[in-house]
Amino acid sequence: MKQSSDHLSYKERNEFPSEVFGLPELREYPMPDAAHVRAAESYFRYCPENLKSKLARVIIARARQYGVEIHSPIIISYANRL
């Protein structure tokens, strides 16, 4: 399924496997394509603090996969934390 925007319907979101999500245990931050990677980057600030490092690493990995450049120094900083 290819999306042209960063908006998903409830049905579309439920069709994705857990691996597509930045936080699969919560099924939040879906990133099936480049537009959704950019959306995850813009919504990163809403992520719970204890999950930000994990989400940041997934965002960067998916960005590489889809050829998206991550501009946020905050995401890069969280991704480098242990």
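In this text the structure is predicted, and so the values were computed from the model without any measurement.

Peer 1: If you had to explain the environment of Ala 39 to someone new, which residues and values would you point to?
Peer 2: Within the secondary structure layout, Ala 39 lies in helix H2 (residues 34-43). Taking relative accessible area as the criterion, Ala 39 reaches 8% and is therefore assigned buried. A C-alpha to C-alpha distance of 16 Å links Ala 39 and Pro 24, two positions 15 residues apart in sequence.

Peer 1: Can you break down unusual backbone geometry residue by residue, with the values?
Peer 2: Here the phi dihedral of Arg 27 falls at roughly 55°; this positive angle occurs in a residue that is not glycine. Among the secondary structure elements, Arg 27 is positioned in the loop between strand E1 (21-23) and strand E2 (28-30). A positive phi is found at Tyr 29, a non-glycine position, where the angle reads about 65°. Among the secondary structure elements, Tyr 29 is positioned in strand E2.

Peer 1: Tell me about the pattern of salt bridges, residues and numbers included.
Peer 2: Under the criterion given, the structure shown has 2 salt bridges. Its salt-bridge partner being Lys 54, residue Glu 25 comes within 2.8 Å of it at the nearest N-O pair. Residue Glu 25 is located in the loop between E1 and E2, and its partner Lys 54 is located in helix H3 (residues 52-66); the two are separated by 29 residues in the primary sequence. Given the relative accessible area of 45%, Glu 25 is considered partly exposed. Judged by its relative accessible area of 33%, Lys 54 falls in the partly exposed class. With a closest N to O distance of 3.9 Å, Glu 49 and Lys 52 form a salt bridge. Given the relative accessible area of 49%, Glu 49 is considered partly exposed. Accessibility expressed as a relative area gives 11% for Lys 52, which makes it buried.

Parameters and conventions
Position numbers for residues start from 1 in each chain and track the written sequence from start to end. Only residues with pLDDT of at least 70 are given local features in this predicted model, and only at 80 or more are side-chain atom pairs given and counted; all residues enter the totals for whole chains, interfaces and linings. By convention in this description, side-chain values take in all heavy atoms of the structure and omit both hydrogens and water. Helix and strand definitions here come from DSSP, where helices need a minimum of 4 consecutive H or I residues and strands a minimum of 2 consecutive E residues; each element is numbered from the N-terminal end. Type-normalised accessible area, obtained with a 1.4 Å probe on protein chains alone, sets the label of each residue: buried when under 20%, exposed when over 50%, and partly exposed for intermediate values. Any carboxyl oxygen of Asp or Glu that lies within 4 Å of a side-chain nitrogen of Lys or Arg is treated as forming a salt bridge with it.

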